[in-house]
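One letter stands for each residue in the lines below.
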Amino acid sequence: MEKAFDPYLRIDDVTVDRSDIEMLRAIDDCGSLSGAADTLERSYPRLQQRVVALEESIGPLVERTRGGADGGGSSLTETARELLVRFDRLVAAYEGVARVDETVLSGSVVDRDGELATVETSVGAVLAVAPADAARVAVTIRSDAVSLHAPSEVPRAEGTSVRNRFSGTITWLDTGDAVVRVGIELERDTNGDGADPPELVALVTRQSVETLGLEPGRSIVASVKATAARGIARDELDAVSTDAN
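Residues numbered from 1 in each chain as written. Predicted model: local features only at pLDDT ≥ 70, side-chain atom pairs only at ≥ 80, totals over all residues. Heavy atoms only, no water.

Within an unreviewed UniProt entry, the label attached to the chain reads Molybdate transport system regulatory protein, and the organism entered is Natrinema hispanicum.

Next up, the structure:
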C-alpha cells in the first residue's frame, strides 16, 4: 500500500500530520469533541486520547467548558490556532515544490448520513462531505489525499474511514526529484451517470513507485477517505460560470 504523501510537523516527540489538523478544525467547526468525532468517523475515546497526547508535547490546544445555557462545549486555544497557521504555511511551501492536482467527479446525491453524502458518479458511488441541501455536486479529490494499492493487497473498508475505492489503469508518470505524479484512467461504473470517467491523479514518493512497481499499463486501486472527498453544489458552480460569461 502507498500512503498518501502528506506534510507533517515534528514538535518535540510528537508528529502532527494532516489528520491531526483535520481533527482540530473539526473541533473548531463543531464546537465539541463528540461532534468532531462523528464528523470524522473516529471514536470519541481515541480522538480524546489524541488531543491529550498532542497537548502533552505542545501545550493546551482545546479549551473545554461545562454546563451553562448552551450546555458547554470545546474551542481551540491560541496555541492550537498558531499550530494551524504553521501547518498551513508548511502545506503552502510543500505545494510550491510538489504540484498538487485535483480530480473532479460530478454526480447526484442518492443518500445521506449526516454531513456525508453518497454521490452516484461515472465511477460509481462516492462518499463525500457535501452541503446538506445539495442535490447535484462536484466531488473534488486532491492528489495528495489518494493512496495506491496493488489489486491483491487492498485492505478491507469495514471499520475504517477509507470508504472510497477506485479501480483503474496507470497511464502516465511524471517523476520529480522526490515525488511522482501518477495518472490513472478510472474504470467506468455500469450504474454511473453515463459521463466519461475523469483521470485521477495521485502523488506518491519515488520509493513507492519502485515498491509497488508502478508503470503505465499496470492495474491499480486508489483509495480516498470519505472526509478527504469534498462535494461542492453544482448549482453554485453553474451560477458562477453563468456570471463569468
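Next comes the rest of the account.
**Q** What is the right way to look at the nonpolar core in this model?
**A** In a soluble, globular protein the nonpolar side chains are often hidden away together inside. Within the largest apolar cluster, 30 residues are counted, with the highest numbers of intra-cluster contacts made by Val-139, Ile-141, Leu-148, Phe-166 and Leu-214. Within the residue set of this core, elements represented by two or more residues are strand S6 (116-121), strand S7 (124-129), strand S8 (136-142), strand S10 (164-175), strand S11 (179-186), strand S12 (199-205), helix H5 (206-212) and strand S13 (219-224). Element by element, the count of residues in this core is highest for S11, at four residues. Formed by 24 residues, the second largest nonpolar core is a distinct cluster that contains Val-14, Val-16, Ile-21 and Leu-76. (Core = buried A, V, L, I, M, F, W, Y, C linked by side-chain atoms within 4.5 Å. Buried < 20%, exposed > 50% of the residue type's maximum accessible area, 1.4 Å probe, protein only. Helix = DSSP H or I, 4+ residues; strand = E, 2+ residues; numbered from the N terminus.)

**Q** When you look at the pairing of S11 in this model, what are you seeing that I'm missing?
**A** The two faces of a sheet get side chains in turn, since along a regular strand they alternate between them. Burial of S11 is extensive: seven of the eight residues sit out of reach of the surface. Note that S10 and S11 share seven bridges and pair antiparallel. Among the inter-strand pairings, Trp-172 is bridged to a residue of S11, identified as Gly-183. Two successive antiparallel strands, S10 and S11, enclose a turn made up of three residues. Pairing geometry for S11 and S12, over seven bridges, is antiparallel. (Pairing = 2+ DSSP bridges.)

**Q** What am I meant to see in the pairing of S8 here?
**A** Here S8 lies mainly inside the structure; five of its seven residues are buried. When strand S5 (residues 102-113) meets S8, the two strands line up antiparallel, connected through seven bridges. Following the sheet pairing, Thr-103 is matched in S8 by Ile-141. Here S8 runs beside strand S14 (residues 230-233); their pairing, made up of four bridges, is antiparallel.

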